[in-house]
Amino acid sequence: QVQLVESGGGLVQAGGSLRLTCRASGFSLDHFHVGWFRQAPGSEREAVSCTGYNDGYTYYADSVKGRFTISRDNAANTVYLHMNSLKPEDTGVYYCGDALGQPQCVPSQYGDWGQGTQVTVSS
């Protein structure tokens, strides 16, 4: 009943762009913080970007700052991650999660994880 679903991943060449979508079903994201996190093979899950429920708070990892943009479409119950100038180091499975309160953009403070969507950036 409560589910987040990630989509939009794929294979792209370095320098290319992708838009990831995190869509909620069974509840409304209107009052939730939403974060994007990624996990490369053999690595821990790490924060990419987070946004507050009113977009008053945004966070970007230093590695993606200036290249990625997080946005919300509350009418569609959806959060996007626009990824530009992709690099091979961006490769991984991208997950979205939600949080209440005033979370830091760290995996331990987010939940309702989706199944993830694979992003592969080739050289």
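Starting from 1, residues in each chain are numbered consecutively following that chain's sequence as written. For a predicted model such as this one, the threshold for reporting local features is a pLDDT of at least 70, and the threshold for listing and counting side-chain atom pairs is 80 or more; totals across whole chains, interfaces and linings nevertheless cover every residue. For side-chain calculations, the full set of non-hydrogen atoms in the structure is used, while hydrogens and water are omitted.

Section: the overall build of the chain
So, step 1. In DSSP terms, a helix is any run of H or I states spanning at least four residues, a strand is any run of E spanning at least two, and both are numbered starting from the N terminus. When helices and strands are counted, the chain shows zero helices and ten strands.
So, step 2. Sequence-ordered secondary structure for the chain, helices as α and strands as β, is β-β-β-β-β-β-β-β-β-β.
So, step 3. This radius of gyration counts C-alpha atoms alone. The globule rule is 2.2 Å times how many residues there are, raised to the power 0.38. Here the C-alpha atoms of the chain give a radius of gyration of 13 Å, agreeing with the 14 Å that 2.2 N^0.38 yields for 123 residues.
So, step 4. Seen through its C-alpha atoms, the chain measures out along the principal axes to roughly 40 × 30 × 25 Å.

Things to note about the side chain of D98
So, step 1. With respect to the helices, strands and loops of the structure, D98 is situated in strand β9 (residues 92-99).
So, step 2. We call two residues contacting when some pair of their heavy atoms lies within 4.5 Å. Beyond its immediate chain neighbours, meaning those up to four positions away, D98 contacts L4, F27, L29, F32, H33, V34, Q109, Y110, G111 and D112.

Quick notes on the pattern of salt bridges
Pairs can form between side chains of opposite charge once their charged atoms are near each other.
So, step 1. Each salt bridge in this description consists of a side-chain nitrogen of Lys or Arg and a carboxyl oxygen of Asp or Glu lying within 4 Å of one another. Under the criterion given, the structure shown has four salt bridges.
So, step 2. Here R38 ties to E46 by a salt bridge, and the two come within 3.0 Å at their closest N and O atoms.
So, step 3. A residue is classified by how much of its surface remains accessible, and R38, at 5% relative accessible area, is buried.
So, step 4. With a relative accessible area of 38%, E46 lands in the partly exposed category.
So, step 5. Between K65 and D62 there is a salt bridge, with its nearest N and O atoms 3.4 Å apart.
So, step 6. Here K65 falls in the exposed class, since its relative accessible area comes to 52%.
So, step 7. With a 1.4 Å probe rolled over the protein chains alone, any residue whose accessible area is under 20% of its type maximum counts as buried; one over 50% counts as exposed, and the rest are partly exposed. Classification of D62 by relative accessible area gives exposed; the value is 68%.
So, step 8. Among the charged side chains, a salt-bridge network with shared partners connects R38, E46, R67 and D90.

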